[in-house]
Amino acid sequence: MLFINTRPDDRASALTQALSEVGYQVEALPLLELVAEPFSHVLQQLYLELKQVQAIVVVSPTAVDVGMRYLRQAGLQLDQLQHIQWIAVGQTTAHALAKYSIDSWVPEVETSEGMLQLPILKQHKDLKKIAFWRGLGGRQFMMQQLQQHGVEILNFVLYHRQCPKQSVIAFPEIVKKISLNQPVAVLISSEASWNYWQQFCKQSPCTAAWVYLVLGSRLAQLVETAQSQTAKGFNIIQLENLSASEIIHRMSDWKGHV
């Protein structure tokens, strides 16, 4: 079965290897690449306020890398932030933080909704101020939910997302390899990646029997809404996280019920 791995290049290789080992034909088609925003006066001022926060939410390994680089550029040291609780969106981000000897809270479901269920966010009544290390446009839902509960947000926009140019070129070539009604699995890890994928499909229509593996319930609902608005049916598999074991397990379950 063909599996289209849409993870960014720097995070795709382990999944591609694991899928290949269990018999999937894998095509790499990164739908997002992350580009650092320049260090600015706005970021400098935000870093100067960082000592006042109780927690930092870090949404990706890129946010770790850029955030730590700019922390040093702002003239701060990590030992000045020892009082702060760190929250990672998932295990990959937690591992990136661990390289700096930082222990972090990690949700069972690697989504905004999952993070909001963490005890530190759900039960901590003294939580007044939180920093978000994030990309442009990301985690709006989570920030809005916290603001509605009176939490002040320090909004660090550290990078932006864009669709890789090489993927725009590669998609029509992948479509040429797909037979009529051939089952094809596609990993969709964010709303932004789903939007880019839909653009690709409009530009180069394909008659595959799509199977979308989507991260979390909110993204699943978004894809289900798109499904109801189109005459073409497709399958949706909801993921709890983006680990290779989770993806292979969910695919195996789905194939066993087809």
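Residues numbered from 1 in each chain as written. Predicted model: local features only at pLDDT ≥ 70, side-chain atom pairs only at ≥ 80, totals over all residues. Heavy atoms only, no water.

Chemist: Would you mind going over the pattern of salt bridges in detail, with residue names and values included?
Modeler: In total, this model carries 5 salt bridges according to the counting rule given. Where lysine 129 meets glutamate 152, a salt bridge forms, and the shortest distance between an N and an O atom there is 3.8 Å. Here the residue lysine 129 occupies a position in strand S7 (residues 129-135), and glutamate 152 occupies one in strand S8 (residues 152-162), the gap between them amounting to 23 residues. Taking the shortest distance from any N to any O, the salt bridge between glutamate 173 and lysine 176 comes out at 3.3 Å. Of this pair, glutamate 173 and lysine 176 both sit in helix H8 (residues 165-176), 3 residues apart, which is roughly one turn of that helix. According to the relative accessible area criterion, glutamate 173 is partly exposed, its value standing at 41%. (Salt bridge = Lys/Arg side-chain N within 4 Å of Asp/Glu carboxyl O. Helix = DSSP H or I, 4+ residues; strand = E, 2+ residues; numbered from the N terminus. Buried < 20%, exposed > 50% of the residue type's maximum accessible area, 1.4 Å probe, protein only.)

Chemist: Explain helix H1 (residues 9-21) residue by residue, including any values.
Modeler: End to end, H1 covers 19 Å across 13 residues, agreeing with the expected 18 Å (1.5 Å per residue, within 8%). Where H1 is concerned, the buried positions are Ala12, Leu15, Ala18 and Leu19. Among the residues trailing H1, glycine 23 stands out with phi positive, at a value near 105 degrees. (Expected span 1.5 Å × (residues − 1).)

Chemist: Describe the environment of proline 8, with residues and values.
Modeler: Residue position: proline 8 is located in the loop between strand S1 (2-5) and H1. Sequence separation of proline 8 and leucine 116 is 108 residues, and the distance between their C-alpha atoms is 25 Å. Proline 8 has contacts with Pro30 and Leu32, leaving out every residue within four places of it along the chain. (Contact = heavy atoms within 4.5 Å.)

Chemist: Lay out unusual backbone geometry in plain terms, naming residues and giving numbers.
Modeler: The phi torsion of most residues other than glycine is negative, and most of the peptide bonds are trans. At serine 101, a position not held by glycine, the phi torsion is positive, near 60 degrees. By the secondary structure assignment, serine 101 is in the loop between helix H4 (91-98) and strand S6 (104-105). Even without being glycine, asparagine 181 reaches a positive phi, approximately 60 degrees. One can find asparagine 181 in the loop between H8 and strand S9 (183-188). What makes asparagine 181 exposed here is its relative accessible area of 54%.

Chemist: Break down the nonpolar core for me, with residues and values.
Modeler: Counting 47 residues, the largest nonpolar core has Tyr47, Leu50, Trp86, Trp133 and Phe156 as its most contacted members. For this core, the element with the highest residue contribution is helix H3 (residues 61-73), accounting for 6 residues. Core analysis: the next-biggest nonpolar cluster, separate from the first, contains 25 residues, Leu2, Ile174, Val186 and Ile188 among them. (Core = buried A, V, L, I, M, F, W, Y, C linked by side-chain atoms within 4.5 Å.)

Chemist: With reference to specific residues and values, describe the sheet that holds strand S4 (residues 55-58).
Modeler: The strand order S3-S8-S7-S4-S5-S6 describes an open sheet built from 6 strands, whose pairing is mixed. The open sheet is flanked by strand S3 (33-36) and S6, the only strands paired with a single partner. Where strand S5 (residues 85-88) lies against S6, 2 bridges are found, and the strand directions are parallel. By the bridge assignment, tryptophan 86 is partnered in S6 with serine 104. Contacting S7 and S8, helix H2 (residues 41-48) crosses the sheet at an angle of about 140 degrees to S8. (Pairing = 2+ DSSP bridges. Axes fitted to C-alpha atoms, helices over the stretch in contact; angles between N-to-C directions.)

Chemist: Can you tell me about H8, naming the residues and giving the values?
Modeler: Turning to H8, its buried residues number three or more, namely Ser167, Phe171, Ile174 and Val175. Down the axis of H8, the smallest arc covering the buried residues is 95 degrees, so these residues share one side. In H8, the exposed residues that point more than 90 degrees away from the buried face are Lys165, Ile169 and Lys176. (Arc of directions from axis to C-beta.)

Chemist: Before we move on, could you go through the domain arrangement of the chain and cite the residues and values that matter?
Modeler: Interfaces are frequently sized by the accessible area removed from exposure as the parts join. Parsing the chain into structural domains produces domain 1 (2-32 + 163-253) and domain 2 (35-161). A C-alpha centroid distance of 28 Å is found between domain 1 and domain 2. Contact residues are listed per partner, giving 10 residues for domain 1 and 11 residues for domain 2. Here domain 1 packs against domain 2, burying approximately 810 Å² in sum over the two surfaces, 53% of which is carbon and sulfur. Its largest share of buried area at the contact with domain 2, domain 1 owes to Arg11, Arg218 and Glu240, together 53% of the area lost on that side. On inspection of domain 1 and its partner domain 2, the count reaches 0 salt bridges. At the surface where domain 1 touches domain 2, the tally comes to 1 residue pair in polar contact (both at pLDDT 80 or more). Tallied by class, residues from the side of domain 1 that touches domain 2 come to 5 nonpolar, 2 polar and 3 charged. (Domains from an automatic or database assignment. Buried area = accessible area lost by both parts, 1.4 Å probe. Polar contact = N/O pair within 3.5 Å; in protein donor to acceptor, adjacent residues only side chain to side chain. Nonpolar A, V, L, I, M, F, W, Y, C, P; charged D, E, K, R; others polar.)

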